[in-house]
Amino acid sequence: MTSFKDAEEQEVREYLDNNREFLDHYVTENINKETIAKWLTNKSKLNQVPPSSSKGDWAQYRLKQKSCKKQIFLDLLKVLNDECTEHTVLWQLASYISCSVGVDAHRVYKLFPDHPSFVQYFLSDALTPQDEPPKELVRAEAEQVRVVLEVAKSGTCRRLSRADDPQNFPNVPEMLFRGLKNSAVTADHVMYQPILGKNGKTTYVIEMWRVHDYFDDIDEEISSNFLVLGSLALHYCNLYLDKKRERNMSDFLLDVVKAIFEEMVSLDQLIKRILEFAQRLVNADRASLFLVDYRNFELVSTVFDLKFEPGHERDMEKKEIRMPINRGIAGHVALSGETMNIPDAYSDYRFNREVDEATGYKTECILCMPIKVEGSVIGVVQMVNKRNDGNFGHEDEVAFEIFSTFFGLALHHARLYDRIMRKEQKYRVALEVLSYHNTCRETEVMAMLADQTPITVDLDDFYIDPFRFDDFEKCKCVIKMFSELFDLANFDLSTLTRFVLTVKKNYRMVPYHNFDHGWTVAHAMYVMLRNDFKKRFNYKMRLALFVACLCHDLDHRGYTNKYMSEIASPLAAMYTTSTLEHHHFNITVTILQQDGHNIFSHITSEEYKEILGFIRHCILATDLAKFFPNVDKLNQLHATEPPQFDWALNSHRDLAMAISMTAADLAASAKPWHIQIKTVKVIFEEFYDQGDKERAAGKEPIPMMDRYKPDQQPSSQVGFLSQICVPCYSALYRILPNTKPLYAMALKNLEGWKARADEIQRKLDREKAERERQDEAGCAGTSDARFKTLLKVEMEEEDCVVPKACMSRSVEGKEDERKLEPITWEEDEVGREHVATRSGIWRHIDGGTWIDEEGVVIEGKAMNSIVRRDRNGDNSD
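Our subject in this report is the structure included herewith. All values derive from a computational prediction rather than experimental measurement. (Residues numbered from 1 in each chain as written. Predicted model: local features only at pLDDT ≥ 70, side-chain atom pairs only at ≥ 80, totals over all residues. Heavy atoms only, no water.)

### Observations concerning helix α23 (residues 650–665)
1) Next: In a regular helix each residue adds 1.5 Å, so 16 residues correspond to 22 Å; α23 covers 22 Å between its end C-alpha atoms and thus fits that length.
2) Next: The buried fraction of α23 is high, at 13 of 16 residues. (Helix = DSSP H or I, 4+ residues; strand = E, 2+ residues; numbered from the N terminus. Expected span 1.5 Å × (residues − 1). Buried < 20%, exposed > 50% of the residue type's maximum accessible area, 1.4 Å probe, protein only.)

Okay, structure coming up:
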């Protein structure tokens, strides 16, 4: 078969030799110029060794070679138009330079600036095609590249001849001449042309050999001129490749992001999935991830030596590997935060060979990069062996650096998610424990259900004394009030009982905001709803109002919202406004969600959602910061004739619910004087507890919260009643006329506290006059202890006498609403009624005290700077 083919080829050869005109016509008509140019180039290379060794022949030969530079340049441009790589352009450039200069053989060396001793070359011989670079890069031995490294270091062209320096002349690579007609010749002349990268360092060196002719200045000039154009071609080639990589990277990162969100539930699965992407990105054979454990100064890996197996689902056994952070290449990267690209792992002293020795795997090259979040190294990724038998290049470093940002964010958020999931499990356990301890005992429920003692007290009375009942009786009263307001047949009695007892248990044992206060507020709402014969609120609203009143201060800590924010309480971090009120509502929902506590289980989910919305609205309305705008809106609606308030409008009914909640919350201020005194005592005990903590923290408490200034109680109560309570009940009285007992008693108590405040002021005036008289007489002043003793007002119940001012008005519960007019407010100096400053602080009608959004009274003198600041428009604080 072979002999037949050879005979056939011989016959074709003879025909073409004998028919040159036909051959010329055929080539001209059917072969394109690019193919002809390639034939010419190959022909010139095969005939590079001339038949004669005379210098004249060589000069003529070189002249012919230089004549085709234009065509070579055009070919170089064509390479750029095709799908090219850096190696393709470089190989074509080296071939064209060699052809233009006229050399017998050439070789291209690749250098790694970060590893000066590591040099590779393209494995080729004389028959290697010029249009396609060799696929194999081979590492050069040290003695082979001595001159190459010198040229790379200097960055300049260099010419050598054997005759000039035979001792230092490099060894001729015999492989380069393999395939030539006269392959036994020995080259005596060599020229090295370095190619610099954009960082100014030598990245490639072209080695060009001649058998006979010296390299001269013209050769060097031709080479350098071509190199200028070639370097430009390389630059644009790399720009193209960069853009192409960016496009591919974008698509790649989209896949990564999708995978991140899919695998976020498991940290180990996420690590494995991202490592697979990283392997695909840099074409690595093996990959490992080490997390940095700064506490133990170790590197920890749960995914180690991951093998590249595309299309295979890998269920890896979870095995934790720990190693000192100062050991190995990964440890060096973790400590330094720098990328390491090591083309020869065994030549690096930091490489740990134990793994290779144990597994039999041969590590050739390593790409090790840090994973950083906010500048801190949280992990190290180590890629081993590029799968195309090459080394990791600069483009791999750049690509992985971009990828590492996503890797770091994914890893950081996965660890956070993992911590959140762990804390959620802890939270569930803690919630289970708290639920057990914060839920009433079944024995309590059974005891309450078994008790048949009737409640004989008339609960339909705003002035009822809450101190007359113990906790057990209060719970029974709540159930009775609930049954009278709503149809108890629609509710499960045991569930209702369990709910009430658990609500009681979730009130803290603080002086004022405890279950007694919750019961008092719920009772006030009960009386309001009971006497609202027109049923202005619908059934769901009334149900929400009563439950909200009972639960409105659940788990109250005894401090104001402002104080919670100042001490950076976690609650304040969760809710920027109405901190405690949001917490009270959440505790309410938590109780309702516990087994056997959902008193609304008989209604539909939509109704349940609607009632919860009402409860939330009502509880948040108890924040006094919301009261001031609410009462302004209501007063504006009643400022015209006829009033614009309309119960048919949802917004107006919401406003009425909010004012009703505030009124119920302030019900203690509308109790008879002897009950009022008891309540104020526990209120101030809670204020003093907060003041003590503020003083312990180095902050001077306001006078109202300073237990060393008990004389401030009457004046603070005057401000509180006049600025909050009376306006609230005045507004409520307009929309719910049957609440006038609250309004009337608040006025009476205001007069009583004014009388107390006047009495203290008279004592202060007498003491001041006495001190001035003693100072004039040269006598020593009264001691501070004696001064405070004279000012102290005893608040004990047995010592309390109702001031005459409190007896000056009679309160008849069924008096016609037109006989009791709303209180008339005195205008301040700018002619407006109870104007709120931009600081959220309200002025008392007597002009002596100020009150903030939480009902805390502030001395008038201390407010001068704030008033001046507001008038000047300075709102910087």
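### Some thoughts on helix α17 (residues 539–551)
1) Next: Taking 1.5 Å per residue as the helical rise, α17 with its 13 residues ought to reach 18 Å, and the 18 Å between its terminal C-alpha atoms agrees with that figure.
2) Next: Those residues of α17 that sit buried are M541, R542, L543, A544, L545, F546, V547, A548, C549, L550 and C551.
3) Next: Buried residues along α17 sit in contact with α14 (471–485), α15 (493–505), α16 (515–530), α20 (579–593), α21 (605–620) and α23.
4) Next: In this structure N538 caps α17, since a side-chain oxygen of it lies 3.2 Å from the backbone nitrogen of K540. (Contact = heavy atoms within 4.5 Å. Polar contact = N/O pair within 3.5 Å; in protein donor to acceptor, adjacent residues only side chain to side chain.)

### So, a negative patch on the surface
1) Next: Together, E8, E9, E11 and E14 line one region of the surface with negative charge.
2) Next: Tracing the backbone through its elements, the reader meets E8 in helix α1 (residues 2–18).
3) Next: When its relative accessible area of 45% is taken as the criterion, E8 is described as partly exposed. (Patch = residues over 30% accessible without salt bridge, like charges linked within 9 Å, V, L, I, M, F, W, Y side chains within 5 Å. Areas by Shrake-Rupley, 256 points an atom, 1.4 Å probe, with all protein chains shown as cover. Salt bridge = Lys/Arg side-chain N within 4 Å of Asp/Glu carboxyl O. Lys, Arg positive; Asp, Glu negative; His and termini not counted. Charge placed at Lys NZ, Arg CZ, Asp CG, Glu CD.)

### Some points on the side chain of H583
1) Next: Summarising the element assignment, H583 is placed in helix α20.
2) Next: Within the local environment of H583, its side chain forms a polar contact with the side chain of D555, the two groups lying 2.6 Å apart.
3) Next: Apart from the residues lying within four places of it in its own chain, the contact partners of H583 are L554, D555, R557, L571 and Y575.

### So, unusual backbone geometry
1) Next: In this chain, E641 is followed by P642 through a cis amide linkage whose omega measures -5°.
2) Next: Structurally, P642 is set in the loop between α22 (624–637) and α23.
3) Next: Residue A568 is not a glycine yet carries a positive backbone phi of 55°.
4) Next: Within the fold, A568 resides in the loop between α18 (561–566) and α19 (570–574).

### Topic: the nonpolar core
1) Next: In this structure, F499, F546, F600, I615 and Y729 are the most contacted members of the largest nonpolar core, which totals 110 residues.
2) Next: Examining the composition of this core, we find that 12 residues originate from one element, helix α25 (residues 712–735), more than from any other.
3) Next: Residue contacts for F499: discarding those within four places in its chain leaves V547, L550, C551, I591, L592, H597 and I599.
4) Next: One finds I271, V282, L291 and C365 within the second-largest nonpolar core, a separate group that totals 31 residues. (Core = buried A, V, L, I, M, F, W, Y, C linked by side-chain atoms within 4.5 Å.)

### Notes on the packing of α14 against α15
1) Next: Relative orientation of the contacting elements α14 and α15 amounts to 135°, with a least axis distance of 10 Å. Taken as axis vectors, α14 and α15 run oblique relative to one another. In this structure, the crossing between α14 and α15 has a hand that is right-handed. Listed contacts from α15 to D471, C475, V478, I479 and F482 of α14 are L493, L496, T497, V500, L501 and K504.
2) Next: A class-by-class count of the residues in the contact of α14 with α15 yields eight nonpolar, one polar and two charged. (Axes fitted to C-alpha atoms, helices over the stretch in contact; angles between N-to-C directions. Parallel < 35°, antiparallel > 145°, perpendicular 65-115°, else oblique. Left-handed = near helix turned anticlockwise from the far one by under 90°. Nonpolar A, V, L, I, M, F, W, Y, C, P; charged D, E, K, R; others polar.)

### A few points about the pairing of strand β12 (residues 376–386)
Within a regular strand, side chains alternate between the sheet's two faces.
1) Next: Counting buried positions along β12 yields 10 of 11 residues, so the element is predominantly enclosed.
2) Next: Note: strand β7 (residues 284–293) against β12, seven bridges, orientation antiparallel. Note on β12: the bridge partner recorded for R286 is V384.
3) Next: Sheet topology places strand β11 (residues 366–373) next to β12; eight bridges connect them, and they run antiparallel. By the bridge assignment, P370 is partnered in β12 with V380.
4) Next: The hairpin turn running from β11 into β12, its antiparallel successor, is two residues long, and E374 in that turn takes a positive phi close to 55°. (Pairing = 2+ DSSP bridges.)

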